[in-house]
Amino acid sequence: MSFEKELTAGAWAAVDAAEWAPRKGGKEKPIEDAPVLVFHKVMLLGAMHALVSALASGTDALAVFDDA
């Protein structure tokens, strides 16, 4: 994912979102308490990961979103 690389390099690398990023088995801070740039970085990364997962699992997973 080249856009993910953009969000983890350059000026975006200075935006530390580790405390707010979802973790397996761990607690993250509530996203609504995050600074604006952190909020956007976490939301963009989460959306990209969800899209990649949906594309990797086939068209049935994407059809669920069409219903919504």
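Definitions and limits used
Residues numbered from 1 in each chain as written. Predicted model: local features only at pLDDT ≥ 70, side-chain atom pairs only at ≥ 80, totals over all residues. Heavy atoms only, no water. Helix = DSSP H or I, 4+ residues; strand = E, 2+ residues; numbered from the N terminus. Buried < 20%, exposed > 50% of the residue type's maximum accessible area, 1.4 Å probe, protein only. Contact = heavy atoms within 4.5 Å. pLDDT = per-residue confidence, 0-100.

Visitor: What am I meant to see in the overall build of the chain here?
Guide: A tally of regular secondary structure across the chain gives three helices and zero strands. Secondary structure elements of the chain, listed N to C terminal, follow the sequence α-α-α. The proportion of buried residues among the 68 residues of the chain is 16%. In the chain, of all internal contacts separated by at least 6 residues, the share reaching a separation of at least 24 is 39%.

Visitor: Which parts of the structure should I look at to understand the confidence of the model for the chain?
Guide: Should the pLDDT be low somewhere, the predicted coordinates at that spot are not to be read in detail. Per-residue confidence for the chain gives a mean pLDDT of 81, with 79% of residues at or over 70. Per-element confidence in the chain is highest for helix 2 (residues 36-56), whose mean pLDDT is 87, and lowest for helix 3 (residues 59-67), whose mean pLDDT is 65.

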